[in-house]
Amino acid sequence: MNSWLLEISLGPVQGFIAAARRSRDLWAGSYILSELVRAAAAKMIDQRAELIYPLAPRVQRENPQQDSNLSNILLARIDGVDEEAVRAIASAVKQAARDRLASFADTAMRDWQGAGVALRNDLWKSQVADAIEAYAAWAAIPAVGEGGRPAYRVAYDNLKQALAARKNTRDFAPMFATDAADKGAGVPKCSFDGLRESVLPNERQQFPPRFGLSRGEQLDALGCIKRVVGRTERFTALSRFAADGWLKKLDAEKRRELAGAYERLVSDDVALATRSSGSGGAGVFPYDGGLLFSERYDIAARDCQGNAAAITALADLGKVLRPLWKRYGRPCPYGVLLIADGDRMGRFVDQSQSAADHQRVSDAVAAFADRVPQLARDFGGQCVFAGGEDLTVFLPLAALVDSAFALHEAFTTAMAAVVADLVKAEDARPTLRVGAAICHVLEPLGVIRQRAAAAEKFAKGEAGSPAQGNALGLKLHIRSGHEIGLRLRFDDLAGRAALAAWQAAYTQRHLPGRLAYDTRAIALHCRATGASSGVAEGEFRRLLDRARRGGGAEKINQALREELDKRRATLAGDAFSSATDATGLLRLADELILARWLSAATEDEVSAAEGAQ
């Protein structure tokens with residue numbers, strides 16, 4: 001009888017998490033995947049396997065404070081069995097995950113059918129059965145080590161090679177059997193990602209509002225499951241975080257009046273809004289913020305025709321909202337989706353030589369993940385997913401930069417002890433990279449998540465370089481089609497201070513909205529005409545001398561002008577700028593534009609920033 005290492009990978013992660021059109025879809029996908037992993041890990045424990053990661057106490061929720069999401073990889077040691085027993089354990093563990101998904105599916109099916117929705121049962125069953133990809137590999141732990149490696153490390157290296165080979169031989173089963181190849185003909189595809197057929201009936205009916213179906217929206221089985229799970233947990237919508245700055249402008253009495261009008265909208269017979277309980281801003285306004293935006297309000301008014309209770313509740317909300325819009329302006333319609341991941345984590349984990357080392361790494365990463373939900377709440381946001389160093393978070397605009405730096409600091413602190421003990425080479429030291437997409441709330445959530453993932457890749461920088469990762473990548477996606485990016489390293493404290501200074505200056509109306517775009521225009525004009533750097537710098541200083549504070553009454557004060565020119569000079573001396581932006585004006589312009597947007601609380605302020613172009 002031998003000892004074995006067994007690793008199981010569950011997924012696809014993208015299918016469970018990224019396929020989403022609403023905030024609750026995104027959260028529900030993360031939650032479901034984590035619960036499938038929990039069920040699989042619990043089965044490993046039942047089979048007397050020693051879990052290496054995730055750690056058994058976290059799987060069994062022994063400490064309520066240690067309840068972050070579980071990542072989709074399981075590693076365990078199994079002693080005193082033969083290979084056939086290992087194979088049987090792997091099969092049982094994969095089945096436990098499938099059984100857990102089936103329980104989610106049964107609950108959702110009862111909910112939909114109880115509401116009188118005639119789902120396509122044959123498609124439902126096949127999609128649920130085919131939803132999970134589960135790959136397993138195992139390797140025997142030799143009696144002695146090889147080539148200077150301990151026995152555990154030899155087995156672990158063999159295991160990784162075997163699992164990689166297994167993943168490269170994926171099972172590509174047809175969607176339908178040969179004798180039923182036309183089964184999906186004419187059936188609309190799911191609106192989430194267009195990959196699977198919709199299980200909703202052909203005859204479009206008036207679906208109960210609680211499912212949150214937009215006109216013409218189609219859902220596959222997983223989409224239907226997400227709509228039930230997400231509703232149960234009352235996850236806070238991205239629109240609530242976009243409206244955060246505007247809500248804080250209202251006095252307490254106005255917020256109470258607004259909350260009173262919103263309360264009717266969350267009732268089961270109306271279901272045009274949801275009550276929130278998890279966000280940092282819940283006490284300020286404990287509801288989703290969708291209907292605070294005029295476009296969403298108009299869409300809801302159009303879609304609820306025929307529902308007398310909804311029409312009345314919307315009309316009452318409008319009586320409260322319109323005076324607020326007139327006095328305070330309309331809320332800023334841009335929110336933030338943040339995605340973070342670890343850099344060099346593979347090289348870092350490879351420093352482990354024993355199961356104890358792997359367990360220490362797992363515990364440190366999980367301890368960081370445990371802190372993320374409260375950190376998000378501290379900045380008025382909400383954690384969607386925290387599986388180790390892999391994070392997804394909703395945030396208000398104003399809190400973006402500070403929260404990203406706080407996440408980086410928490411990661412560094414949580415990993416410090418195990419890094420000090422295991423890391424022998426600097427290129428194996430793990431860091432955190434954070435990507436954040438600033439997008440309009442009417443953009444499909446799947447698109448917003450793709451943009452956040454692109455921002456996270458942007459934060460990574462050049463792979464293999466000493467400056468890889470350890471940075472915040474900001475991507476502003478203006479609805480008119482423009483995209484502006486800024487990469488800020490976490491060790492660039494001067495850059496962080498500068499961005500905070502510009503943000504404060506815009507909030508206090510010490511800077512005009514046009515300054516950033518005029519700065520960019522100077523840089524582009526001088527580049528096009530072949531003017532020297534000295535000419536461009538002189539033109540910029542003249543611009544600062546002429547520029548007026550917000551409102552146009554006074555010039556920018558001398559200290560702020562000097563601070564702007566000093567920052568330009570710093571950016572000009574940067575290695576990146578020297579090749580692409582010798583004057584530093586283009587990067588300064590991007591900093592100012594992003595700071596202008598980060599300071600916006602109302603639609604008028606956003607319009608001013610867009611109109612300044």
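Computed from a prediction, not measured in an experiment: that's the story for all the values here. (Residues numbered from 1 in each chain as written. Predicted model: local features only at pLDDT ≥ 70, side-chain atom pairs only at ≥ 80, totals over all residues. Heavy atoms only, no water.)

A few points about the overall build of the chain
Assigned secondary structure in the chain consists of 23 helices and 10 strands. Rg of the C-alpha trace for the chain: 27 Å, near the compact-globule value of 25 Å for 613 residues, within the 12% margin. Considering only C-alpha atoms, the chain reaches an extent of 85 × 70 × 45 Å along its principal axes. When the 613 residues of the chain are sorted by exposure, 54% land in the buried category. (Helix = DSSP H or I, 4+ residues; strand = E, 2+ residues; numbered from the N terminus. Rg over C-alpha atoms; globule rule 2.2 N^0.38 Å. Buried < 20%, exposed > 50% of the residue type's maximum accessible area, 1.4 Å probe, protein only.)

Some remarks on the sheet that holds strand S8 (residues 431–440)
Strand order in the open sheet made by the 6 strands is S6-S7-S5-S8-S9-S10, with mixed pairing throughout. At either margin of the open sheet sits one strand with a lone partner, and together these are strand S6 (382–387) and strand S10 (483–489). Ignoring which end each strand starts from, the neighbouring axes of this sheet average 10° apart. Where strand S9 (residues 471–477) lies against S10, 7 bridges are found, and the strand directions are antiparallel. (Pairing = 2+ DSSP bridges. Axes fitted to C-alpha atoms, helices over the stretch in contact; angles between N-to-C directions.)

A look at the confidence of the model for the chain
Residues with a pLDDT of 70 or more make up 92% of the chain, whose mean pLDDT is 87. At the low end of the mean pLDDT range in the chain sits helix H21 (residues 575–580), at 59; at the high end sits S9, at 96. (pLDDT = per-residue confidence, 0-100.)

Some remarks on the packing of aromatic side chains
On inspection of all chains with the given rule, the structure shows 12 aromatic pairs. Seen in terms of ring centroids, Trp-27 and Tyr-31 are 4.9 Å apart; in terms of plane orientation they differ by 10°. Their pairing is stacked. Pair noted here: Trp-27 and Tyr-31 are both in helix H2 (residues 23–46), with a separation of 4 residues, about one helical turn. Owing to a relative accessible area of 12%, Trp-27 belongs among the buried residues under this scheme. Arranged with centres 6.4 Å apart and planes meeting at 85°, the rings of Tyr-297 and Trp-325 form a pair that is edge-to-face. Placement of Tyr-297 in helix H11 (residues 294–303) and of Trp-325 in helix H12 (residues 308–328) is noted, with a sequence separation of 28 residues between them. For the residue pair Tyr-297 and Trp-325, the accessibility class agrees, reading buried in each case. Through successive ring pairs, a cluster of aromatic residues spans Trp-27, Tyr-31 and Phe-104. (Phe/Tyr/Trp six-rings, centres within 6.5 Å; stacked < 30°, edge-to-face > 60°.)

Section: helix H4 (residues 83–114)
Under the 1.5 Å per step criterion, the end-to-end length of H4 is 46 Å for 32 residues, consistent within 8% with the ideal 46 Å. A positive phi of about 85° marks Gly-116, the residue just after H4. (Expected span 1.5 Å × (residues − 1).)

A few points about the side chain of Asp-25
Inspection of the secondary structure puts Asp-25 in helix H2. Apart from residues no more than four positions distant in its own chain, Asp-25 is found in contact with Ala-20, Phe-192, Lys-226 and Arg-227. (Contact = heavy atoms within 4.5 Å.)

Regarding the packing of helix H17 (residues 493–507) against helix H20 (residues 558–572)
Remark: H17 packs on H20, axes separated minimally by 12 Å, with the N-to-C direction vectors making an angle of 140°. Taken together, H17 and H20 sit at an angle that is classed as oblique. The chirality of how H17 crosses H20 is left-handed. Seen from H17, the contacting residues are Ala-494, Gly-495, Ala-498, Ala-501, Trp-502 and Ala-505; seen from H20, they are Leu-560, Glu-563, Leu-564 and Arg-567. Of the residues that constitute the contact of H17 with H20, the class distribution is 7 nonpolar, 1 polar and 2 charged. (Parallel < 35°, antiparallel > 145°, perpendicular 65-115°, else oblique. Left-handed = near helix turned anticlockwise from the far one by under 90°. Nonpolar A, V, L, I, M, F, W, Y, C, P; charged D, E, K, R; others polar.)

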